[in-house]
Amino acid sequence: MTSERIRILVTGGTFDKEYNEITGELFFKQTHLGDMLRLGRCRLEVEVETLMMIDSLQMTDAGRRLILERCLSAPEHRIVITHGTDTMQQTAQVLGKAATGKTIVLTGAMVPYTFGSSDGMFNLGTALAFVQTLTRGVYVAMNGKCFSWREVRKNKARGIFESAPPEHP
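In short, a report on the structure. (Residues numbered from 1 in each chain as written. Predicted model: local features only at pLDDT ≥ 70, side-chain atom pairs only at ≥ 80, totals over all residues. Heavy atoms only, no water.)

1. Remarks on the side chain of T91
To be explicit about the condition: Secondary structure elements follow DSSP: runs of H or I no shorter than four residues count as helices, runs of E no shorter than two count as strands, and numbering proceeds from the N terminus. Contacts are residue-level and defined by heavy atoms, with any inter-residue pair within 4.5 Å sufficient.
Within the secondary structure, T91 sits in helix α3 (residues 88-98). In contact with T91, other than residues within four places in its own chain, are M59, R64, I67, H83 and L106.

2. Section: the environment of L134
To be explicit about the condition: Exposed residues in this analysis have more than 50% of their type's maximum accessible area, buried residues have under 20%, and partly exposed residues fall in between, with area computed by a 1.4 Å probe over protein chains only.
For L134, the location among the structural elements is in the loop between α4 (120-133) and β7 (137-142). The class of L134 is partly exposed, set by a relative accessible area of 22%. C-alpha of L134 to C-alpha of C146: the two residues are 12 residues apart in sequence and 9.8 Å apart in space. With sequence-adjacent residues up to four places away left out, L134 is seen in contact with R78, T103, V105, Y139 and C146.

3. Description of the environment of I22
Counting through the fold element by element, I22 comes out in the loop between β2 (17-19) and β3 (26-28). According to the relative accessible area criterion, I22 is exposed, its value standing at 82%.

4. A closer look at the nonpolar core
Across soluble globular proteins, you tend to see nonpolar side chains buried next to one another. As a reminder, the rule being used: We call a set of buried residues a nonpolar core when its members are Ala, Val, Leu, Ile, Met, Phe, Trp, Tyr or Cys and they connect through side-chain atoms within 4.5 Å of each other.
Core analysis: the biggest nonpolar cluster contains 22 residues, and I67, C71, I81, L95, I104, L106 and V140 have the highest contact counts within it. Counting only elements with at least two residues in this core, the list comes to β4 (46-54), α2 (61-73), β5 (78-82), α3, β6 (103-107) and β7. Once residues within four sequence positions are removed from consideration, I104 is found in contact with C71, I79, I81, L95, G137, V138 and Y139. Counting residues in each nonpolar core, the second largest holds 17 residues, with I6, I8, Y113 and V131 among its members.

5. Focus: the sheet that holds β5
As a reminder of what qualifies: At least two DSSP bridges between two strands are required for those strands to pair. Only C-alpha atoms enter the line fits that serve as axes; for helices the fit covers just the stretch in contact. Angles between N-to-C directions range over 0 to 180 degrees.
Read from one edge of the open sheet, 6 strands run β4-β1-β5-β6-β7-β8, paired in mixed fashion. Unpaired on one side and paired on the other, β4 and β8 (145-148) mark the two borders of the sheet. Averaged over all adjacent pairs, the angle separating strand axes in this sheet is 20 degrees, with direction ignored. Helix-sheet contacts for α2 involve β1 (6-12), β4, β5 and β6, and the interaxial angle to β4 is about 170 degrees. Across the sheet, α4 is in contact with β1, β5, β6, β7 and β8; its angle to β6 comes to roughly 170 degrees.

6. Describing the side chain of E76
Note the threshold: Under the rule applied, a polar contact is a pair of N or O atoms within 3.5 Å (in protein, one hydrogen donor and one hydrogen acceptor; residues adjacent in sequence only if both atoms are side-chain atoms).
Tracing the backbone through its elements, the reader meets E76 in the loop between α2 and β5. Within the structure, the side chain of E76 is placed 2.6 Å from the side chain of R5, a separation counted as a polar contact. Setting aside chain neighbours within four positions, we find E76 in contact with R5, I6, R7, E47 and K102.

7. Here we look at the pattern of salt bridges
Inclusion rule: Here a salt bridge means any side-chain nitrogen of Lys or Arg lying within 4 Å of a carboxyl oxygen belonging to Asp or Glu.
This model, assessed by the stated rule, comprises 9 salt bridges. For R78, the salt bridge identified is with E4, shortest N-O distance 3.5 Å. Of this pair, R78 sits in strand β5 while E4 sits in the segment before β1, and the two are 74 residues apart along the sequence. Residue E162 pairs with R153 through a salt bridge whose shortest N-O separation is 2.8 Å. The structure contains a network of salt bridges with shared partners spanning R5, R7, E49, R70 and E76.

What follows is the structure, encoded as structure tokens:
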């Protein structure tokens, strides 16, 4: 069985943040996806495309439209999107309501990759597995669990994603 190419769209989020040791601030430099795929010994055919490097709290409707446009125009039918966790649910809703006919999995991290104790590597690996096995639709994959775009929320008090009552169009 040959696997089809997977497009990975990078939008930033905690996944790709760096730490400034002098100021104590988090900032963006470039995506860590290449290193993560190499370290994880990924043998999938992937095409990585950086759309933006922002905190998801700065994600706008225009940013979500750009993500949707790239999903629609991408030749691949399986897409993973790295995204900040604070507004991942809203982006998933925009993509889900658009009914792209593709399999799209959003993932992120609660701890930056560069911290060493990040959940990002695990989340990326599971998102790549889920995108290959799920039927068409939009999903959120975090910490080994996968949720439909209609039935997910971030529980900020517990720092996890969980099932939520279905969203209705």
